[in-house]
Amino acid sequence: MSKLVTIYGGSGFVGRYIARRMAKEGWRVRVAVRRPNEALFVKPYGVPGQVEPVLCNIRDDASVRAVMRGADAVVNCVGTFDRGGKNNFQAVQAEGAGRVARIAVEEGVAQLVHISAIGAAKDAPSLYGQSKAAGEEAVQAAFPGAVILRPSVIFGNEDGFFNKFASMARLGPVLPLVHADTRFQPVFVDDVAQAAVKGIKGEAAPGIYELGGPDVESFRDLIGKMLAVIQRRRLVLNMPSFLMGILAGALDIGSALTGGLIRNTVLTRDQLASLGQDNVVAPGAKGLANLGITPVAFEAVVPEYLWPFRPSGQFAAIKASAKNLNKA
C-alpha cells in the first residue's frame, strides 16, 4: 500500500503545492482543513481517492489525532494573520504547532515538516514572529527530528504579496509603501514545496532551513519590477511609519468593533512591525542549496500570473505587436 501524508492546511497557498507534489510521488494525501467543501479542488491532484480533503480543527487534540491516524508523515502548513479571535497567533502558530508535533510522536509518525517563517524569534518586533518562534520551540521539544522550513516572502499564482500590490496599482497614480528600504528574498512557492517533499521523504537532515530566492531586493525595488511587469507607471511613495501606524491602528480597531466580521486586509499593526525588519536568509543558515534545490527567480514566474493587472490584460502582447506592425 502506498504511504500516507497528512497535510494540515493543505488547501492553502503552500499546502496545495505540497499536496500536488506528494500525489505525483504516488503517496496518498489527506488535506486537513476547517472547511473540506471549499478544498475539493485538491482532489484532481491525483487519481480518484488519492487526495482527500478532511475536516480538522488544529485547536482540538481529538480532531488533529483523527486525521493523523495511520500517517507515515505529517506537514503543518497552518498559519494565520489574525491577532485576535479563536484562531489567533498563539492558538494556531504556537499551541497548534506544538499539538501537531506532540500527537505525531504519540501516533508513531516517522517524518514531520513544519512551515515557519524567516523572522521567527522570541524577541521579534511582531507578535506574528514571536508566535512562529514559540511554535518552532514546541515542535523541536516534542519532535527533535522535525524539519522546519522558514521561507521569506513567497510568490506564486495565488500569492498575497505581488497580487495585492498589483491590484492596488490599478486604483490610482500613487502607490504608497511603508519601510520601502526593507529587504526581501522572495522564494517561489514550488521551491518551498520541493523542500517540504525532501523532509517528508526523509531526504533532509533534521533542523531549520531558511528559504530564499536567488535575489535580495528592497521593498521599493520589488514593487518597481512588479510595476514593469504589469506595464503601469506609478509614483511609489514611501510613507512615514508613524502615519501608517495611525492607519493600521484605526483599521485594527474597526475590525475589532465588528467582531472580526470586517477583516483588516490592508495593513495591521503587527504587519507594520514585521515590515520594519529585513526578511532575508541569515548568513550561514542552511537553505535550498543544502537540499539540492536551485531557486527560481521571481522575474521568471511573476509575468505568468500578473498579466490580468496590465491595462490591456491578456491582449497586451497583441497590442504591442500591432504597434510594431504599424511602425513598419
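Preceding this paragraph is the structure being described.
These figures come from a predicted structure and were not determined experimentally.

Enquirer: Would you mind showing me how to read the environment of Val189 here?
Expert: For Val189, the location among the structural elements is in helix H6 (residues 189–200). Each C-alpha atom of the pair Val189 and Ser152 lies 10 Å from the other, and the pair is 37 residues apart in sequence.

Enquirer: When you look at helix H8 (residues 241–257) in this model, what are you seeing that I'm missing?
Expert: An α-helical turn contains 3.6 residues, so a residue and the one three or four places further along point in the same direction. For H8, which comprises 17 residues, the first-to-last C-alpha distance of 24 Å matches the rise-based estimate of 24 Å (1.5 Å per residue) to within 8%. Listing the buried residues of H8 in full gives Met244, Ala248, Gly249, Asp252 and Ser255. Down the axis of H8, the buried side of the element spans an arc of 140°, and every buried residue falls inside it. Away from the buried face of H8 by more than 90 degrees, exposed residues Phe242, Ile246 and Leu257 are located. In this structure, the buried side of H8 is in contact with strand E8 (174–178), strand E13 (235–239) and helix H9 (269–275). Trailing H8 by a residue or two, Gly259 shows a phi angle of about 65°, which is positive.

Enquirer: Hey, could you run me through the environment of Val301 in this one?
Expert: Counting through the fold element by element, Val301 comes out in the loop between H9 and helix H10 (302–306). In this structure Val301 comes out as buried when scored by relative accessible area, which is 7%. Val301 sits 170 residues away from Ser131 along the chain, and the two C-alpha atoms are 31 Å apart. Apart from the residues lying within four places of it in its own chain, the contact partners of Val301 are Phe155, Phe188 and Val296.

Enquirer: When you look at the sheet that holds strand E5 (residues 111–115) in this model, what are you seeing that I'm missing?
Expert: Here seven strands make up an open sheet; going across it, the order is E3-E2-E1-E4-E5-E6-E11 and the pairing parallel. The two strands at the open ends of the sheet, each matched to only one other strand, are strand E3 (51–55) and strand E11 (207–211). Strand-to-strand, the axes of this sheet are offset by a mean angle of 20°, without reference to chain direction. Sheet analysis places strand E1 (residues 4–8) next to strand E2 (residues 28–33), joined by five bridges and oriented parallel. Following the sheet pairing, Val5 is matched in E2 by Val29.

Enquirer: Hey, could you run me through the pattern of salt bridges in this one?
Expert: If charged atoms from side chains of opposite charge come close, those side chains can pair. Summed over the entire model, instances satisfying the criterion amount to 19 salt bridges. Where Glu136 meets Arg150, a salt bridge forms, and the shortest distance between an N and an O atom there is 2.7 Å. Here Glu136 is found in helix H4 (residues 127–142), whereas its partner Arg150 is found in strand E6 (residues 147–151), with 14 residues between them in sequence. Across the salt bridge formed by Asp278 and Arg183, the nearest N and O atoms sit 3.1 Å from each other. Of this pair, Asp278 sits in the loop between H9 and H10 while Arg183 is found in strand E9 (residues 183–184), placing the two residues 95 residues apart along the sequence. By relative accessible area, Arg183 is classed as partly exposed at 38%.

Enquirer: Explain a positive patch on the surface to me, please; I cannot follow it from the model alone.
Expert: A contiguous patch of positive charge, built from Arg34, Arg35, Arg59 and Lys86, is present on the exposed surface. On the secondary structure map, Arg35 appears in the loop between E2 and E3.

Enquirer: Quick question: what am I supposed to make of the packing of helix H2 (residues 61–68) against helix H3 (residues 89–106) here?
Expert: Pairs of packed helices are described in terms of their axes, by the angle between the two and the distance that separates them. Contact pair H2 / H3: the axes reach a minimum separation of 10 Å and the direction vectors enclose 50°. It follows from the interaxial angle that H2 and H3 lie oblique. Taken as a pair, H2 and H3 cross one another with a handedness that is right-handed. The residues of H3 that touch H2, namely those facing Asp61, Val64, Arg65 and Met68, are Arg99, Val100, Arg102, Ile103, Ala104 and Glu106. Grouping the amino acids of the contact of H2 with H3 by side-chain chemistry returns five nonpolar, no polar and five charged.

Parameters at a glance
Residues numbered from 1 in each chain as written. Predicted model: local features only at pLDDT ≥ 70, side-chain atom pairs only at ≥ 80, totals over all residues. Heavy atoms only, no water. Helix = DSSP H or I, 4+ residues; strand = E, 2+ residues; numbered from the N terminus. Expected span 1.5 Å × (residues − 1). Buried < 20%, exposed > 50% of the residue type's maximum accessible area, 1.4 Å probe, protein only. Arc of directions from axis to C-beta. Contact = heavy atoms within 4.5 Å. Pairing = 2+ DSSP bridges. Axes fitted to C-alpha atoms, helices over the stretch in contact; angles between N-to-C directions. Salt bridge = Lys/Arg side-chain N within 4 Å of Asp/Glu carboxyl O. Patch = residues over 30% accessible without salt bridge, like charges linked within 9 Å, V, L, I, M, F, W, Y side chains within 5 Å. Areas by Shrake-Rupley, 256 points an atom, 1.4 Å probe, with all protein chains shown as cover. Lys, Arg positive; Asp, Glu negative; His and termini not counted. Charge placed at Lys NZ, Arg CZ, Asp CG, Glu CD. Parallel < 35°, antiparallel > 145°, perpendicular 65-115°, else oblique. Left-handed = near helix turned anticlockwise from the far one by under 90°. Nonpolar A, V, L, I, M, F, W, Y, C, P; charged D, E, K, R; others polar.

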